[in-house]
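Summary of structural features
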Amino acid sequence: MRVVAAMVCLALAAMAAPPRERITQVRIPVWLDASPGRELSAKDFTATIDGASTRVLQVQCPDYDLVILLVLDLSSGDLTLADPAKDTLTAEIRKLPPNAFVGLLRAQDGLLVLNDPTADRDAIYTLIMQQTLNGKTGLLATIDTAGQIADAMLQKSTARVAILYITDGDVRNYREDFTNPVINSSDSHDLSRRFPETLVQEKIAKLAAVLAAVQAPIFIVDLGQHGDRLNEAYQNGMKQLAETTGGAAFFSRSTTEIPEVIHRSFETVTSHYSLTLGLPEHVSSRPLIRVALADGGHALTYRTRILLRRRR
Amino acid sequence: MTTLGMCFLVAYACAQEQPKAPAEIQRAIDEFKIQTANLGLRGDGAAQNTRKQSPILEWHGRLYENLRNDFLDAVPHEISQRGENKSLLRRNQFGFNAAGPFFVPGMVHKSGTYLSLSFEGVREHLSRTHLSTIPTMAERTGDYSHVVDDAGNQLPIFDPATTRLNPAYDSSKPVSLGNLQYLRDPFPGNFIPADRLNRLAVQALELYPQPNAAVGPFFRNNYFINSPEGNTANGMIGKVDHALGERQHVTSEIAFSNGLLDAAQWFPTTANPGPSDQHFATRRGSIEHVFTASAQTVNTASFEATSATSRTGQGQAAFPVYDFQPYLDMGRAYPMSTNAHNTYVWSDGLSTRWRKHSLHASAQYTLYQVNSFWPAYPDGLFRFSPGLTSLPGIVNTGHAFASFLLGLPEYAEQSFVTSPSYFRRTAAAVALRDHYDPRKGLALNIGIRIARHTPRVEKFDRQSTIDLELLNPANGREGALAAANLGGESRGFRPAVVRAEPSASISWNVTADSKTVLRASYSRGYSAIPIYEGQWGTQGFNSRETFISPNVQLLPAVPLTAALPPPAHPLPDLRLDAANNTVADLIDATSREPVYQSASVSLERELPGSMVISVGAAYSGGHNLLVSDSAANPNAIAPAALRFRDQLNDEVFNQSLRPYPQYKGFELYSSYPLGRYQRDAGFLRVEKRVSKGLSLSAYYEVSKQMDDYSGPYGTQDFFNRQNEWSLTSYNQPQRLQLSYNYELPLGSNKPFLTYSDWRRYILDGWSVSGTAAVTAGTPVALHPEFNNTGGVISALNVNVVPGVNPDVSNPGPSLWFNPAAFEQPADFTMGNASRTNSTLRNPGAQDYDLSVSKRVSLGAERAVEFNAAGFNFLNHANWNDPDPVIGSASAPNVNAGHIIGSRGGRVIQMGLRFSF
């Protein structure tokens, strides 16, 4: 009996989590509806957390250092989508200021680094143009990991960090099944598939719960033009995931729109302010955030909730 | 060298020259390298301290159970209206899915192979309902004293044994009550004496149920069926996905399913006319190989094999079919069958880029096999009509069931099938598509597909048709039986055809902000004639012994007996005249195939608030569409022959008027390419992407579809198809569909009731989804009660009464339309109304489904989701269609324009799913 008790105690001790570090500050992306015409600093912003006034510790403006983690998720094999996207991506990257670095990853069949963040536009150009369009769609399988990497970078550096997914995938092209296919074709009374979006919504909900703690904004450009109900739910899910992190999703409805939506996504990524907010000692795990300009001159866009998950 | 290796080589070479990163960026890059190395995401060999996550943790899946029980449901309207309060429903649908990387503990950790396995089982018992009419108990004894016509007047039954020529008949005048060609006495008291009743008929009636309802009018709709049906199914889908290096990807799938439909019995005797029990088995296997030759070139090759088998009526007791409309039949057609559909598809597609062109070339070859053993009437069919108990030439006299009681069928048939048929056909196609971007904001697509279809053949050439050019030895006229691959006939009787199918589309961003897109498209395509189940086109190898009354008002086809005579000639019987005097199977020998073309234009605009609105118009049309023998009849008698009036009831004379008089008719089996249709539609679509938890999509369409073949009754004039051009019988001129999803703004990361304690388990994860569909009604297809055209017109239309408004002020179940606006055409004339009415519509339909879900998170990967779905959750009753039968002036159908009851009822399904 004692042996068992000792083993249980040992097991519990082994399972016991190490003490967690209290989070003292968070970073959130903020957009102004128009250029303020001057450099903004921390004192230009006011913020409240759960209704209590809090300090804005730092502000990184749109001309500050920026790292974009560009994640390619091109799996449809459709050159009419991928080629204009590649052309536009490389053109937009060349337009970035010198202090904007781009890291390149691919998401098909799992996340993989293709190039560390670099300011070398030619290198990124070459790699993007070489990217093949194979494998299974990977956005939903990799987005939490990408968020985790970007968050770690934010913790170590004051540089602004953003994730930009470029995807052309169909929700039916995942290795994991979100389609709930008919298994018994003789079952003519099956009503369980009348709401086909259930599985993808469930996956989105799980991911949104994880991404709620991610401080780096995630942006998604969807090149696919799918009008079916399942893919509509998938696209709504992408939008929800991006907005959970304070980012945004962009959808192309025809190949002619691809250059425009990618251009808009780069504009949005590069134009964000990164605000570091101090956290009060006692704060809820999902505090309500309010930010405003001290002079009230501009409308701001930002995330209003963040999950404070203590770090190990 | 791999692509990935090249990537890093390029990256390394470039890194030697790149400018030094600012300090903060460098710190971010360093952390990026550490994190990606720890997660094992680097392909450059820099993986250090890689976190070794067990592959079992990468497996995801779900377990689920969906439950339905009549305890949760509303009693369907059609059942409560019959005074019942229960509709049996017990349903369990359960299953699992698991998917993850392949590994062998301690041996294979990361194989690049991903597996997925799904299983689902169904156990179900439910009720089937049906309202029909059966003879009263008195009627079964020959007592017709109470039997009335549709107007409520007594229906006189005449004794065929008293038939004699009328010496006063004036052949220069039409047959009428005042100028009868034949005299026949009514049964005294409208009572058929017991000693006149056919012994077999009386015996058979012991297997017929008693009336159990009194819906009316009169004694009609007196049998309500609420019978249990069982449904069992088990199926599985397995998938393997494997990356062969960086350039090749293989996906394979295997699926199988077995099912048993324990069909509802319409009555529990061997004479049950309801469907047979059915066993199902489906098998599917596929493999796809994707080869990425370069960033600009992708090749996809695939093979798929599918097999679906169904078996019915095994071990079922024999019973012939007794057809005495308008009463419920006894016995069932096609009581026993085995059918298998096998399809094999090979395909390859190559995509490549050349300047501003994206080119896609593809090739596909498909082999279709249908193996069928499906005798229609192995125990015989006996069809009875009022003619033999009527006053010859006078409608609304006599009754089909009275003819049955006397054992006097007007038609009889028996199938002799010696072996299954093994039908085959192939389709091959090559296609080339070019996507061209001439300038920013403009994209053009053009494509051409060349398809080759071969006709249906039978593996052992046990196939036949009527060759309309062969001379028949019996009468020297064209049209004789021809067997495949014999006497100069080809194996499929039709040529293989090669068609070009063009398509083009354009997308144009009409404004500089890319928020407005104009789209237009056009396509034209051909459809091969498919292989249906059944053994149509095997006459001579199998036999359809046919017995036709020489005059449906005077003489039966055969006496009602226990068994029909066997074929006079042993099978196979391939004599040129072997199919004479039957409804012969005819395979169209031309190269015609259904042709479809469509064009559409739409304008799409992105609006503030994550909304997209689209408005557009679409046209589609086609000709040579496949129709059945109710819409086409190459052996029809021209309507001009109606002038022969009652003489047409003489079968010999009648048949002599046909283009191929050696045949009673042709069976076309929905494979005759003659139909035409056109559909014009306008639509509006509003889509709101998710914001504040709400997403919705709405679609409204207004359409008009015309054709010359659809409808429940068939075509009136086979010789002038333009006269048949009317609204498509299933055209719903307006359709509104709405779907939405709303995540309730409660709980974590939501505006309201955000708690971190135990309350979040209650408040988090609620969502509501729903769909709504509202459709306008289909056109009313009116039908005269009597068809006294001597078999010249098979589907008679009604006449329009000039100056009478067919609409009523407040259409409802008591009167949906004004039947006085229509009338029964005079004997031996065609109706002047269209096949479907141009203004009258049947009641529309509404359906509202709602699903409420509550998700409880059990960590990052695990969750339990409870779901309650209400189908037709408002318990809305959709009206049945009104009675479309228009009676004669002397016997109007009192029920015309009335609606009997409604249908539908709320169904609730509860679901529980654990996902991991």
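Throughout, residues of each chain are indexed from 1 in the direction in which the sequence is written. Lettering for chains starts from A, numbering for ligands starts from 1, and both go in the order in which the items are written. Restriction of local features to residues with pLDDT of at least 70 applies here, the model being predicted, together with a cutoff of 80 or more for giving and counting side-chain atom pairs; totals for whole chains, interfaces and linings are based on all residues.

**Regarding the overall build of chain B**
For chain B, the helix and strand inventory stands at eight helices and 40 strands. Across its three principal axes, chain B shows a C-alpha extent of roughly 120 × 70 × 60 Å. Residues with at least 20 neighbouring C-beta atoms inside 10 Å of their own are called buried, those with 12 or fewer are called exposed, and the rest are partly exposed, where every C-beta is derived from the backbone. A burial count over chain B gives 37% of its 916 residues as buried. Any residue pair is listed as a contact if its two C-beta atoms, each placed from the backbone, are within 7 Å. Looking at chain B alone, contacts between residues at least 24 apart form 72% of all its contacts between residues at least 6 apart. Counting from the N terminus, the helices are DSSP H or I runs at least four residues long and the strands are E runs at least two residues long.

**Re the overall build of chain A**
Along its length, chain A carries seven helices and 13 strands. For chain A, whose C-alpha radius of gyration is 22 Å, the value lies close to the compact-globule estimate of 20 Å for 312 residues. Along the first, second and third principal axes, the C-alpha atoms of chain A reach 70 × 65 × 40 Å. For chain A, with 312 residues in total, the buried portion stands at 56%. Taking all contacts inside chain A whose residues are at least 6 apart in sequence as the whole, residues at least 24 apart take part in 80%. The atom set for the radius of gyration is the C-alpha atoms, and the globule formula is 2.2 Å times the number of residues raised to the power 0.38.

**Quick look at the packing of helix α4 (residues 139-156) of chain A against helix α2 (residues 23-38) of chain B**
An axis is simply a line fitted to the C-alpha atoms; with a helix, the fit covers only the stretch in contact. Between two such axes, the angle follows the N-to-C directions and lies from 0 to 180 degrees. Between α4 of chain A and α2 of chain B, the shortest axis-to-axis distance is 8 Å and the interhelical angle comes to 140°. Taken together, the axes of α4 of chain A and α2 of chain B lie oblique to each other. Note on packing geometry: the crossing formed by α4 of chain A with α2 of chain B is right-handed. Across from Ile-149, Ala-152, Met-153 and Lys-156 of chain A in α4 of chain A, the residues of α2 of chain B making contact are Arg-27, Ala-28, Glu-31, Phe-32, Gln-35 and Thr-36 of chain B. Its residues placed into classes, the contact of α4 of chain A with α2 of chain B shows five nonpolar, two polar and three charged. The labels follow the angle: roughly parallel below 35 degrees, roughly antiparallel above 145, roughly perpendicular from 65 to 115, and oblique for the rest. With the far helix as reference, a near helix turned anticlockwise by less than a right angle produces a left-handed crossing, and one turned clockwise produces a right-handed crossing. Under the scheme applied here, ten amino acids are nonpolar (Ala, Val, Leu, Ile, Met, Phe, Trp, Tyr, Cys and Pro), four are charged (Asp, Glu, Lys and Arg), and all others, including Gly, are polar.

**Describing the packing of α4 of chain A against helix α5 (residues 198-211) of chain A**
All names here are of chain A. Here α4 crosses α5 at 5°, and the two axes come no closer than 10 Å. Taken together, the axes of α4 and α5 are roughly parallel relative to one another. Across the interface between the two elements, Leu-140, Ile-143, Asp-144 and Gly-147 from α4 touch Lys-203, Leu-207, Val-210 and Leu-211 from α5. For the contact of α4 with α5, the class distribution of residues is five nonpolar, one polar and two charged.

**Focus: α2 of chain B**
Expected span of a helix: the number of residues minus one, times 1.5 Å. The end-to-end C-alpha separation of α2 of chain B is 23 Å, in line with the 22 Å expected for 16 residues at 1.5 Å each. Among the residues making up α2 of chain B, those that are buried are Ile-25, Ala-28, Ile-29, Glu-31, Phe-32 and Thr-36 of chain B. With its buried residues spanning 165° around the axis, α2 of chain B presents them on a single face. Where the residues of α2 of chain B are buried, they touch β5 (66-73), β6 (100-106), β7 (112-118), α4 and β8 (160-167) of chain A. Phi turns positive, to about 70°, at Gly-40 of chain B, one or two residues after α2 of chain B. Picture the helix axis, draw a direction to every C-beta atom, and the arc is the one those directions span.

**Points about the environment of Asn-85 of chain B**
Residue and element names in this part refer to chain B. You can see Asn-85 is positioned in the loop between α3 (77-80) and β2 (89-101). On the neighbour-count criterion, Asn-85 (8 C-beta atoms within 10 Å) is exposed. For the pair formed by Asn-85 and Ala-74, sequence separation is 11 residues and the distance between their alpha carbons is 9.3 Å. If we ignore the near neighbours within four places in the chain, the residues touching Asn-85 are Val-75 and Ser-80.

**Regarding the pairing of strand β24 (residues 595-607) of chain B**
One ladder, built from 11 bridges, connects strand β21 (residues 516-526) of chain B with β24 of chain B; its direction is antiparallel. Residue Gly-525 of chain B lies in a different strand from β24 of chain B, and its bridge partner there is Tyr-596 of chain B. When DSSP finds two or more bridges between two strands, those strands count as paired.

**Examining the interface of chain B and chain A**
The interface is formed by 96 residues belonging to chain B together with 82 residues belonging to chain A. The biggest single contributor to the side of chain B that touches chain A is α2 of chain B, with 10 residues. Looking at the side of chain B that touches chain A residue by residue, the classes come out as 37 nonpolar, 41 polar and 18 charged.

**Notes on the sheet that holds strand β10 (residues 248-251) of chain A**
Residue and element names in this part refer to chain A. Pairing in this open sheet of six strands is mixed, and the strands run β7-β6-β5-β8-β9-β10 from one edge to the other. Each edge of the open sheet is held by one strand with a lone partner, namely β7 and β10. The mean inter-strand angle of the sheet, taken between neighbouring strand axes irrespective of direction, is 15°. Sheet topology places strand β9 (residues 218-222) next to β10; four bridges connect them, and they run parallel. The residue of β10 that forms the bridge with Ile-220 is Ala-249. Across the sheet, helix α7 (residues 258-270) is in contact with β5, β6, β8, β9 and β10; its angle to β9 comes to roughly 175°.

**Observations concerning the confidence of the model for chain B**
Residue and element names in this part refer to chain B. When pLDDT is averaged across chain B, the result is 92; 96% of the residues are at 70 or more. A score from 0 to 100, pLDDT tells how confident the predictor is in each residue. Mean pLDDT values over the elements of chain B span from 44, in helix α1 (residues 3-15), up to 98, in strand β17 (residues 457-458). When the criterion is pLDDT under 50, residues 1-18 qualifies, and its contacts beyond four places in sequence or with other chains add up to 26 contacts. Between residues 45-51, whose pLDDT stays under 50, and residues either more than four places distant or in other chains, the model counts 12 contacts.

**Some points on unusual backbone geometry**
All names here are of chain B. Cis peptide bonds are those with omega within 30 degrees of zero, and the linkage from Gly-216 to Pro-217 qualifies with 5°. Its location among the elements puts Pro-217 in the loop between α5 (199-205) and β6 (223-244). Across the junction of Leu-571 and Pro-572, the peptide omega takes the value -5°, indicating a cis bond. Note that Pro-572 resides in the loop between β22 (543-548) and β23 (583-585). For Asn-485, which is not a glycine, the phi torsion comes out positive at approximately 65°. In this fold, Asn-485 is placed in the loop between β19 (478-483) and β20 (497-509). The exposure class of Asn-485 is partly exposed, given the 14 C-beta atoms found within 10 Å.

**Thoughts on the sheet that holds strand β13 (residues 300-302) of chain A**
Residues and elements named next belong to chain A. Taken in spatial order, the four strands make up an open sheet running β4-β11-β1-β13, and their pairing is antiparallel. Edge positions in the open sheet fall to β4 (56-60) and β13, since each of these has one partner strand only. Across the sheet, the axes of successive neighbouring strands diverge by a mean angle of 30°, strand direction being ignored. The pairing of strand β1 (residues 25-32) with β13 spans three bridges and is antiparallel. Following the sheet pairing, Trp-31 is matched in β13 by Thr-301.

**Here we look at helix α6 (residues 229-244) of chain A**
Residue and element names in this part refer to chain A. Its 16 residues give α6 an end-to-end C-alpha distance of 22 Å, which sits within 8% of 22 Å, the value for a rise of 1.5 Å per residue. The buried fraction of α6 amounts to 13 of the 16 residues, a majority that puts the element mostly inside the structure. Backbone geometry just after α6 places Gly-246 at a positive phi near 90°.

**Observations regarding the nonpolar core**
Grouped together as the largest cluster of nonpolar side chains are 99 residues, with contacts concentrated most on Val-67, Ile-68, Val-71, Ile-163, Leu-164 and Phe-219 of chain A. Top element by residues in this core is α4 of chain A. It accounts for 10 residues. Ignoring anything within four residues of it in the chain, the contact list for Phe-219 of chain A reads Ala-162, Ile-163, Leu-164, Tyr-165, Ala-242, Gly-247, Ala-248, Ser-265, Thr-268 and Val-269 of chain A. Counting 50 residues, the second largest nonpolar core, distinct from the first, contains Ala-636, Tyr-660, Phe-666 and Leu-674 of chain B. As used here, a nonpolar core is made of buried Ala, Val, Leu, Ile, Met, Phe, Trp, Tyr and Cys residues. They are joined through C-beta atoms within 7 Å.

**Brief notes about the pairing of β19 of chain B**
Residue and element names in this part refer to chain B. Across the six residues that make up β19, a large majority, five, are buried. As defined by bridge partners, strand β18 (residues 464-471) adjoins β19 across five bridges and the pair is classed as antiparallel. Along β19, the bridge assignment pairs Ser-464 with Ala-483.

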